[in-house]
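Chain by chain, the residues:
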Number of protein chains: 4
Amino acid sequence: MYFFRNDYSVSCHPKVLEALAAVNGENVVGYGFDPYTQQAADLIRKLCNAPQADVQFMVGGTQTNFVSIAAFLRPWESVITPVTGHVNGHEAGAVEATGHKLLLARTPGNGKLTPAAILPILEECKDQHLTQPKLVYISDATETGGVYTKAELSALSYCCKANGLYLFLDGARLGCAFTSQANDLTLADLAQLTDAFYIGGTKNGAMMGEALVICNPELQDGFFRFKKQQGAVLAKGWLLAVQFLALLQDGLYFKLGQHAVDVAQYLQGGLKNLGIPMLVDSPTNQIFPIVPDDLLPKLDELCAYEVWGKADNTHTTIRLVTSFATPLEDAEHFLMDVKNLT
Amino acid sequence: MYFFRNDYSVSCHPKVLEALAAVNGENVVGYGFDPYTQQAADLIRKLCNAPQADVQFMVGGTQTNFVSIAAFLRPWESVITPVTGHVNGHEAGAVEATGHKLLLARTPGNGKLTPAAILPILEECKDQHLTQPKLVYISDATETGGVYTKAELSALSYCCKANGLYLFLDGARLGCAFTSQANDLTLADLAQLTDAFYIGGTKNGAMMGEALVICNPELQDGFFRFKKQQGAVLAKGWLLAVQFLALLQDGLYFKLGQHAVDVAQYLQGGLKNLGIPMLVDSPTNQIFPIVPDDLLPKLDELCAYEVWGKADNTHTTIRLVTSFATPLEDAEHFLMDVKNLT
Amino acid sequence: MYFFRNDYSVSCHPKVLEALAAVNGENVVGYGFDPYTQQAADLIRKLCNAPQADVQFMVGGTQTNFVSIAAFLRPWESVITPVTGHVNGHEAGAVEATGHKLLLARTPGNGKLTPAAILPILEECKDQHLTQPKLVYISDATETGGVYTKAELSALSYCCKANGLYLFLDGARLGCAFTSQANDLTLADLAQLTDAFYIGGTKNGAMMGEALVICNPELQDGFFRFKKQQGAVLAKGWLLAVQFLALLQDGLYFKLGQHAVDVAQYLQGGLKNLGIPMLVDSPTNQIFPIVPDDLLPKLDELCAYEVWGKADNTHTTIRLVTSFATPLEDAEHFLMDVKNLT
Amino acid sequence: MYFFRNDYSVSCHPKVLEALAAVNGENVVGYGFDPYTQQAADLIRKLCNAPQADVQFMVGGTQTNFVSIAAFLRPWESVITPVTGHVNGHEAGAVEATGHKLLLARTPGNGKLTPAAILPILEECKDQHLTQPKLVYISDATETGGVYTKAELSALSYCCKANGLYLFLDGARLGCAFTSQANDLTLADLAQLTDAFYIGGTKNGAMMGEALVICNPELQDGFFRFKKQQGAVLAKGWLLAVQFLALLQDGLYFKLGQHAVDVAQYLQGGLKNLGIPMLVDSPTNQIFPIVPDDLLPKLDELCAYEVWGKADNTHTTIRLVTSFATPLEDAEHFLMDVKNLT
């Protein structure tokens, strides 16, 4: 059975495991005050061309999202997010649990937010009986595989700066976003255009871990204490740093992202050739075929996937996801199997 | 230089790393809904003789403490804890950040809570303008190395039940508590006498991870959603389960605890023989020598340790901690070195 | 200038002031443990035919909404509300500030929620990575003047019970809802069909104050402590009780509501006769005329009102509100003035 | 029976009621955006010689305390308070419910905080695993009747400024503090020495209401939205302003405080003459006699009072409180009655 359900089903890339094994037995200082963490943070600052940035490692994406957002905001401030944003639809109310309202912006198709979707929310919230919008949450790639161009992110960034909003970019799937054909952004661009973003490890070769880059110096004070308070400080902090060193030192991170994207694009092209349309044309490692409902039982036997929603009365949109660990052969064989099915 | 600063300075026991390596490459279901997690939970239920228990794995101690406490309480309810409790003194206000007040009980010397310290707090809180005490937090071992006997824990448990309080036991250092000479408790006892407790992995051989055992069925509903909301669900949940399987299947967990205790006790005995008194007589892996202040600079060169506080004008209490990874030879050589110093 | 901006622009009905004056000088027990509070609570229980109910007085509507909701819910539970619900659009994120997510249901036109709008939300939230919907918030009247019939509320109540949801009814404008022609509900019906609701005083003759009726005994425990914690216990609790006694003892409350409704309906009829259409046909004290944009500057001189939103490129929906204190003559003269304008 | 239980047992001074009656019937703008509120805020700014101050009216003391504190702090910041502080002992965990830890400082006898009690807490909290102390909470008068001198408050203020701490003064009983013989502070001094303080109305002649003065401009942004979010914006905001205008325009506020202090001091002197010692020598409207236990049943028949605590095996400390409404004759007759008892 082929595994296309998600991109966090395999522990980690062998080089990551090797790196973890290499430090085993050493006595290391706790809580991220160790040399590995320092080294990984320095490397990330260099890759981002952002010497002023604070780099903080956390274990997972939901944690990184709400800890950052809640650290940056005052209690009456709120978050503008696409309706489809991960913070709205997949994190069990984590942001609201820290006391902050989400203001939902409509984002057609690819889930990418635009200034046009932000401005009416700002207008409405001039009413002092409402919360003060203060942070814009986006992700790259989006939940439906959308990838921001430099022009789009620059426009968002400008809109945010002009309106006193922080721009926060969830990079849980940054590895695939950055290696997709649609991308023309660099880490240095992100460091310049956002107030904070993170480089996701969990979904791109690490056992676990996200590297948060707080670019805006105003947002750096007190972060460690808050992270500790939210249970987001790993006692053995170096375990995260060591993984990011393995992934980022020689570009492994982007090689893994590229592989996942390539396999997904191969799948998408193949399925389209078989006459299966897509909900959106995704340039990343997540694709969204619309399949006839009577194909689903056969697909169930063939592979692990997720139902995304009803497309019409007789069709269902499904999500297929690839990862660094998905063999290209799986995609090849899967396409042949589907061809035989249809 | 000898490392006696803490018990979380080494990544993990080699067998734990082997176990992690063994599953690498497999496609596994996410979020703890996988067979390894099921297997580890079953094993723990069996070891605890508690088939009704819910077992939840989390990454670290602070997280396990506040997620549990906040999941169990209504917003107006509060927590009775020793002043020296980890939740009060080392977790950056994590419990209060979930909205719950800590009510501080005095616990002389070894940090162990007693019914006598609880009852006056209950009396005072009959006043409806105060919070409702609802949960008693203790840890075994305590922050100063105290270990609860079965008689003591039974008395606490009875007091809690009689007063409608939940009893929660932080077992971050359970491995050393249970292998100390002072202990006569079993996991089955804990499951019977507490409403919830956890088996700490981070400080006893695991890379990271705590296994929370929710013994009281009333406290089990909704826990997963809350854990998710608090960023405490690891996407690759099996990584924690696999470590606990390695530690608990053949008793490795307790062998590692025993080793740490043995080395610490050897150190404690040796230092006492050298005329160095202890703040408390600790039966576990943490000891608290009172040393002359002029010895400190030499100690700084000799080993990593923590200053615990001033003992008097010319003496300082320090904390020495051993772990599964502390060689007995280190203790032997250290004692010789100290002997030469004094 | 006529005042149609809102229904809380006049302090209170003279009889309420008299009642407050009558107790001035007395020494009364604080925090709502006084005989007046007891008497008012008993009266409300009797009017509601709900001897089991707990009655709690609070100062204002936002406070009553979030204190109730947060008292009733566990941290991972969420609230289903119409998009147009007061808790969503006018309370500065008060519910989210207590940690609970709002799940927004579409309610066409009159703002009334139906089982059909609830069920898909429940379906989606079976996913354990989402919050658990647990409370349905509605208001009677709604923000756009909608009034629930007994059949509609019974259907909602049944849907809630069948799905383990609490039903909470915001009665900030209950006086006008209950005296509108569209109403066939009684206080006893509310007590039977909801888990909690409140009788709004602020917008119906009281200086301030809402009387929360917690019908469901399971939701009553600990409420006072939580109310205190949220700053919602008035030191001189009797001040609220005395006002509700004045309003409810002889039916003054409903006479005042009736007056406001009558004046608003007179206005609505008159404006329709003048050819001015309504956004919705409202049976209560709030009406929503759609006026040509060039009329607005003249209206600005004529009366105080609120802009509700753009109706089309050349028309604007406005809101006119009447209260117990709006003279019928104001409505008469206003209609003549508008006739002369158009 | 004499009423010495508290200073909030009588609704309000007749002039306050007259002022409320005088505006009844008027149409006024809501939520504190009305001319009365503007006028009262201007008056308070003038009395405080603080043109930069923001003045915010709220209904009660607990509300004013936690809304202010939570508005001023970031989530990882904490509050230093005397153990005996109202926020710690009487507000049902309201501050913790907003997520902030209280750090308890010992204050012998009169409950007054000193730099000496603050500094060790700051020292301890240099540890980044703890919260960041950021606000010092004091009250004038304290819970045991202590009154700060200008020298004492200046020292505290200096200590706070030097250590980056906000100084917040709870003035629930400011009327009595300022009219006690121990006082040499003015409102202008408070405005200069604190970051925020409030002038308590509830316990000094108003029906309800506290006037918060936010002296530090850095703390003013966003306050209204947060106040709204916390249910602390009164729809009919002018009701609070009108009361403060009545109290402050002609010095009535301080006359009422003076009366309460005079009666309490008369009581204190008289009881001491009868050989009854005091727990502390209080210069305000609260006194703390230590009475033989066998006198208590007779006192119960004579007057309403509060038990403060056991003094020794055979004596109890009680609290007697006077207010603007306590007749001097009550004190005279009470003393005669006590004389007859003993």
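Nothing here was measured: the structure is a model prediction, and the numbers come from that model.

Calculation rules
- Residues numbered from 1 in each chain as written.
- Chains lettered and ligands numbered in written order.
- Predicted model: local features only at pLDDT ≥ 70, side-chain atom pairs only at ≥ 80, totals over all residues.
- Heavy atoms only, no water.
- Pairing = 2+ DSSP bridges.
- Helix = DSSP H or I, 4+ residues; strand = E, 2+ residues; numbered from the N terminus.
- Axes fitted to C-alpha atoms, helices over the stretch in contact; angles between N-to-C directions.
- Contact = heavy atoms within 4.5 Å.
- Buried < 20%, exposed > 50% of the residue type's maximum accessible area, 1.4 Å probe, protein only.
- Least-squares fit on C-alpha atoms with pLDDT ≥ 70 in both.
- Buried area = accessible area lost by both parts, 1.4 Å probe.
- Salt bridge = Lys/Arg side-chain N within 4 Å of Asp/Glu carboxyl O.
- Polar contact = N/O pair within 3.5 Å; in protein donor to acceptor, adjacent residues only side chain to side chain.

A. Geometry of the sheet that holds strand S8 (residues 210-214) of chain A. All names here are of chain A. Spatially, 7 strands are ordered S2-S8-S7-S6-S5-S3-S4 in an open sheet, and the strand pairing comes out mixed. Each edge of the sheet is formed by a strand with only one pairing partner; in this case those strands are strand S2 (54-58) and strand S4 (102-105). Recorded for the sheet is a direction-independent mean angle of 25° between the axes of neighbouring strands. Two elements, S2 and S8, share 5 bridges in a ladder whose sense is antiparallel. Looking across to S8, one finds that Phe 57 is bridged to Ala 211. On the sheet, helix H6 (residues 115-124) packs against strand S3 (77-82), S4 and strand S5 (132-139) and is oriented at approximately 135° with respect to S4.

B. How the structure looks around the pairing of strand S3 (residues 77-82) of chain C. Residue and element names in this part refer to chain C. With 6 of 6 residues buried, S3 lies mostly within the body of the structure. With burial as the criterion, each face of S3 is covered, one bearing Glu 77, Val 79 and Thr 81 and the other bearing Ser 78, Ile 80 and Pro 82. Here 4 bridges tie S3 to strand S5 (residues 132-139), and the two strands are oriented parallel to one another. Across the sheet, Glu 77 pairs through a bridge with Gln 132, a residue of S5.

C. Broad picture of the relation of the copies chain A and chain B. Each copy superposes on the other: chain A lies on chain B with an RMSD of 0.0 Å after a rotation of 180° and an axial shift of 0.0 Å. Considering both components of the superposition, the chain copies are consistent with a two-fold axis. Residue by residue, 100% of the interface of chain A is reproduced at the interface of chain B, so both copies engage with the same surface.

D. Representation of unusual backbone geometry in the model. Of the consecutive residues Asp 140 of chain A and Ala 141 of chain A, the connecting peptide bond is found in the cis state with omega at 0°. Even without glycine at this site, Asn 49 of chain A takes up a positive phi of about 50°. Take Asn 49 of chain A: it is sitting in the loop between helix H2 (35-47) and S2. Look at Tyr 31 of chain B: it is not a glycine, yet its phi comes out positive at around 65°. Considering the arrangement of structural elements, one finds Tyr 31 of chain B in the loop between helix H1 (14-23) and helix H2 (35-47). Look at Tyr 31 of chain B and you get buried, because its relative accessible area is 19%.

E. The arrangement of the interface of chain A and chain B in detail. The interface of chain A with chain B comprises 44 residues on the first partner and 44 residues on the second. Summed over both sides, the interface between chain A and chain B buries roughly 3,600 Å², with carbon and sulfur atoms accounting for 58% of that surface. Taken together, the links from chain A to chain B amount to 0 salt bridges. In this structure, the connection of chain A to chain B is made through 25 residue pairs in polar contact (both at pLDDT 80 or more). Elements with a contribution of two residues or more to the side of chain A that touches chain B: helix H1 (14-23), helix H3 (61-72), helix H5 (94-97), helix H10 (223-229) and helix H11 (238-248) of chain A.

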